[in-house]
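Coordinates in review
As a plain string of letters, each chain reads:
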Amino acid sequence: MIAVFSALIAVGTFFSVKLPVPLGEITWSPPIYLALGALVGPGTSVAATALGSFIGESLNVALLGWPAIYAPGIVWARAPEALIMWWASRKGTKTLAAGMIVATVFETLAFFLSDWMFYTFGLFGYGAAQGLATGFWTASVDFLTLLDLAYVPVTLVIIRVARPAFKRLALN
């Protein structure tokens, strides 16, 4: 299961709407890993999210020349989202939707806070040190990651449709 969902997440991460650095892209994978976090246990969902995100972003690094820090960075931002979703799925539908919002905000802040420091101190190919204020404003484009909130209804539909099959196959 980890291999299948890792592959889906990798494809959804690589085939995406490309945007300027540092944002990189808006991917098709959030509904996959958010739904997976709600449908299976935390070990499977975190492993598939981390592995698939790393592979997809590594393709962007290798083929598009993006900074190498993007591959581990996406794991740092996405893997905890699967844990948030697993927790929220145990609390009911309203908490599940709130969990998706919290997970997306977490991902956004994970990208923003790390990019802010990278720009401020000129780390990992982010150019010369810029200072706290300039680094903050340069990294603020990461707040566009909140556009992933548009996937909340899509993810709820995926969960509703897939949950019976996951239960029937004893995958959750």
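Above this text sits the structure in question.
This part covers the nonpolar core. Looking at soluble globular proteins, one finds that nonpolar side chains tend to be buried together. Counting 19 residues, the largest nonpolar core has L34, L39, M85, L96, M100, I159 and F166 as the members making the most contacts within it. Elements supplying a minimum of two residues to this core: helix 1 (2-14), helix 2 (30-39), helix 4 (70-89), helix 5 (93-121) and helix 7 (152-168). Among the elements that line this core, the one with the most residues is helix 2, at six residues.

Overall, the coordinates contain eleven aromatic pairs when judged by the stated rule. When the centroid spacing of 5.2 Å and the interplanar angle of 90° are considered together, the rings of F112 and F136 count as edge-to-face. Residue F112 is located in helix 5, and its partner F136 is located in helix 6 (residues 132-139); the two are separated by 24 residues in the primary sequence. We classify F112 as buried; its relative accessible area is 4%. The class for F136 is partly exposed, based on a relative accessible area of 27%. Taking the centre distance of 5.3 Å and the plane angle of 70° together, the rings of F118 and Y126 count as edge-to-face. For the pair formed by F118 and Y126, the shared burial category is buried. The lysine or arginine in question, K18, covers the ring of F14, its NZ or CZ lying 5.0 Å from the ring centre.

Okay, a nonpolar patch on the surface next. Nonpolar side chains collect at one region of the surface, where I2, L51, F54, I55, L59, L63 and L64 lie side by side and expose about 580 Å² of accessible area between them. A per-element tally of the nonpolar patch places helix 3 (residues 42-64) first, with six residues. With respect to the secondary-structure elements, F54 resides in helix 3. Since its relative accessible area comes to 37%, F54 is described here as partly exposed.

This paragraph deals with the environment of M100. Turning to its location among the elements, M100 is positioned in helix 5. Between the C-alpha atom of M100 and that of A71, which follows or precedes it by 29 residues, the distance is 22 Å.

Rules behind the numbers
- Residues numbered from 1 in each chain as written.
- Predicted model: local features only at pLDDT ≥ 70, side-chain atom pairs only at ≥ 80, totals over all residues.
- Heavy atoms only, no water.
- Core = buried A, V, L, I, M, F, W, Y, C linked by side-chain atoms within 4.5 Å.
- Buried < 20%, exposed > 50% of the residue type's maximum accessible area, 1.4 Å probe, protein only.
- Helix = DSSP H or I, 4+ residues; strand = E, 2+ residues; numbered from the N terminus.
- Phe/Tyr/Trp six-rings, centres within 6.5 Å; stacked < 30°, edge-to-face > 60°.
- Lys NZ or Arg CZ within 6 Å of the ring centre and 35° of its normal.
- Patch = residues over 30% accessible without salt bridge, like charges linked within 9 Å, V, L, I, M, F, W, Y side chains within 5 Å.
- Areas by Shrake-Rupley, 256 points an atom, 1.4 Å probe, with all protein chains shown as cover.
- Salt bridge = Lys/Arg side-chain N within 4 Å of Asp/Glu carboxyl O.

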